[in-house]
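This is what each chain is made of:
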Amino acid sequence: MQVQIHSSWEKAMRLEFNSPYFQDLISFVKDEYLSIRCFPPGPDIFNAFDSCPFDRVKVILLGQDPYHGPGQAHGLCFSVPKGVLHPPSLQNIFKEIEGDLSLPIPQSGNLETWAKQGVFLLNATLTVRANHAGSHQKKGWEQFTDAVIKKLSKGSQGLVFMLWGGFAKQKIKLIDTDKHLVLTSGHPSPLSANRGYWFGNKHFSQCNTYLKSLGKTPIKWG
């Protein structure tokens with residue numbers, strides 16, 4: 001299985017990539033992809049890492065699991081390829097951006113334009129069986145992505161971490177909150193958003209205000 005990952009991440013995470021648990025994880029993932037349909041496609045598993053080099057990360061947006069329906073997952077959390085119907089959580093993300101920044105809802109749900117600006121779109125688990133949410137959890141991915149979050153927190157200054165929902169909020173313990181801005185809210189899924197835990201969080205404007213205060217270029221969210 002061919003994967004693509006930017007060389008900056010290969011260097012930054014070398015110890016993890018060479019660790020026994022990661023070798024076991026890769027063996028598991030290879031066996032799964034050979035025996036059953038899984039997402040995202042093999043070359044896209046590390047798309048978040050390939051699209052946003054380690055030293056260009058400004059914002060970390062954390063998801064939990066890839067989409068498990070056909071044609072949706074392509075290695076960037078919450079993102080779908082161009083032409084794919086916006087999933088409900090992504091719809092609500094765009095609605096919040098519209099309310100926060102007065103930007104129109106885009107036709108495409110592909111968030112690669114964010115990644116290229118320094119938004120690291122990381123899922124805690126990078127692979128999943130088709131139609132089986134959470135099927136690749138607790139196989140080693142979480143240990144790896146926790147190490148990624150720690151590495152970013154320790155090795156950088158002035159990052160924005162967006163933690164949406166209970167699962168993501170647990171990751172705050174991995175982050176040095178004295179060095180970085182951590183924004184938390186409910187999850188953009190309809191279950192949370194419709195109960196008042198998502199809309200109005202203004203994370204996107206808060207993020208840009210913080211970046212500008214540090215002399216960094218803000219993110220073009222639209």
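Structure: above.
This text gives an overview of the structure that appears in the document. Everything numeric in this text was worked out from a predicted model, so none of it was measured.

### With respect to the overall build of the chain
Then, number 1: When its secondary structure is counted, the chain shows 10 helices and 6 strands.
Then, number 2: Here the C-alpha atoms of the chain give a radius of gyration of 17 Å, agreeing with the 17 Å that 2.2 N^0.38 yields for 222 residues.
Then, number 3: Projected onto its principal axes, the C-alpha coordinates of the chain cover approximately 45 × 35 × 25 Å.
Then, number 4: Residue burial in the chain is summarised as follows: out of 222 residues, 52% are buried.
Then, number 5: Nonlocal contacts in the chain, meaning residues at least 24 apart in sequence, comprise 66% of its contacts between residues at least 6 apart.
Then, number 6: Here the chain has roughly 10700 Å² of accessible surface; of this, 51% comes from carbon and sulfur atoms.
Then, number 7: The average position of the 24 basic charges and that of the 17 acidic charges among the side chains of the chain differ by 3 Å.

### Observations regarding the packing of helix 3 (residues 20–35) against helix 7 (residues 141–155)
Then, number 1: One can describe the packing of helix 3 onto helix 7 by two numbers: an axis separation of 9 Å at closest approach and a directional angle of 130 degrees. Regarding the angle of helix 3 to helix 7, the classification is oblique. The handedness of the crossing between helix 3 and helix 7 comes out as left-handed. Note on element contacts: helix 7 touches helix 3 through Trp 141, Gln 143 and Phe 144, opposite Tyr 21, Phe 22, Leu 25 and Val 29.
Then, number 2: Across the contact of helix 3 with helix 7, the residue classes tally to 6 nonpolar, 1 polar and no charged.

### Considerations on the side chain of Glu 96
Then, number 1: Inspection of the secondary structure puts Glu 96 in helix 5 (residues 88–101).
Then, number 2: One buried charge, Glu 96, has no salt-bridge partner; the nearest side chain with opposite charge is Lys 202, at 5.7 Å.

### Thoughts on the sheet that holds strand 6 (residues 181–185)
Then, number 1: If you walk across this open sheet you meet the 4 strands as 3-2-5-6, and the pairing is parallel. Looking along the sheet, the strands with just one partner apiece sit at the ends: strand 3 (119–123) and strand 6. Sheet twist, expressed as the mean angle between neighbouring strand axes with direction ignored, is 20 degrees.
Then, number 2: By the bridge criterion, 5 bridges tie strand 5 (residues 160–164) to strand 6 in an arrangement that is parallel. Within strand 6, the position partnered with Met 162 by the bridge is Leu 183.
Then, number 3: Lying over the sheet, helix 7 contacts strand 2 (59–63), strand 3 and strand 5, oriented at roughly 155 degrees with respect to strand 3.

### Considerations on the environment of Ser 205
Then, number 1: Note on placement: Ser 205 falls in helix 10 (residues 203–213).
Then, number 2: Sequence-wise, Ser 205 and Leu 101 are 104 residues apart; in three dimensions their C-alpha atoms are separated by 6.7 Å.
Then, number 3: Discounting residues that sit within four places of it in the chain, Ser 205 has contacts with Asp 100 and Leu 101.
Then, number 4: In terms of polar contacts, Ser 205 uses its side chain to reach the side chain of Asp 100, at 2.7 Å.

### Considerations on the packing of helix 5 against helix 10
Then, number 1: In contact at an axis separation of 8 Å, helix 5 and helix 10 are set at 60 degrees when each is read in the N-to-C sense. Relative to helix 10, helix 5 is oriented oblique. Judged by residue contacts, Ile 93, Glu 96, Ile 97, Asp 100 and Leu 101 of helix 5 engage His 203, Phe 204 and Ser 205 from helix 10.
Then, number 2: Looking at the contact of helix 5 with helix 10, its residues break down into 4 nonpolar, 2 polar and 2 charged.

### Brief notes about the nonpolar core
Then, number 1: Phe 49, Trp 114, Phe 120 and Phe 144 are the most contacted members of the largest nonpolar core, which has 68 residues in total.
Then, number 2: Take this core: its biggest share by element is 6 residues, from helix 7.
Then, number 3: Ignoring any residue separated from it by four or fewer positions in sequence, one finds Trp 114 in contact with Leu 61, Ile 93, Phe 94, Ile 97, Val 119, Leu 121, Phe 204, Lys 220 and Trp 221.

### Some remarks on helix 3
Then, number 1: End to end, helix 3 covers 23 Å across 16 residues, agreeing with the expected 22 Å (1.5 Å per residue, within 8%).
Then, number 2: Turning to helix 3, its buried residues number three or more, namely Tyr 21, Phe 22, Leu 25, Val 29, Glu 32 and Tyr 33. In a view along the axis of helix 3, the buried residues occupy a sector of 100 degrees, so they form one face of it. Across helix 3 from its buried face, at more than 90 degrees, point the exposed residues Pro 20, Asp 24, Asp 31, Leu 34 and Ser 35.

Rules used throughout
Residues numbered from 1 in each chain as written. Predicted model: local features only at pLDDT ≥ 70, side-chain atom pairs only at ≥ 80, totals over all residues. Heavy atoms only, no water. Helix = DSSP H or I, 4+ residues; strand = E, 2+ residues; numbered from the N terminus. Rg over C-alpha atoms; globule rule 2.2 N^0.38 Å. Buried < 20%, exposed > 50% of the residue type's maximum accessible area, 1.4 Å probe, protein only. Contact = heavy atoms within 4.5 Å. Areas by Shrake-Rupley, 256 points an atom, 1.4 Å probe, with all protein chains shown as cover. Lys, Arg positive; Asp, Glu negative; His and termini not counted. Charge placed at Lys NZ, Arg CZ, Asp CG, Glu CD. Axes fitted to C-alpha atoms, helices over the stretch in contact; angles between N-to-C directions. Parallel < 35°, antiparallel > 145°, perpendicular 65-115°, else oblique. Left-handed = near helix turned anticlockwise from the far one by under 90°. Nonpolar A, V, L, I, M, F, W, Y, C, P; charged D, E, K, R; others polar. Salt bridge = Lys/Arg side-chain N within 4 Å of Asp/Glu carboxyl O. Pairing = 2+ DSSP bridges. Polar contact = N/O pair within 3.5 Å; in protein donor to acceptor, adjacent residues only side chain to side chain. Core = buried A, V, L, I, M, F, W, Y, C linked by side-chain atoms within 4.5 Å. Expected span 1.5 Å × (residues − 1). Arc of directions from axis to C-beta.

Taken by themselves, the reported measurements are silent on function.
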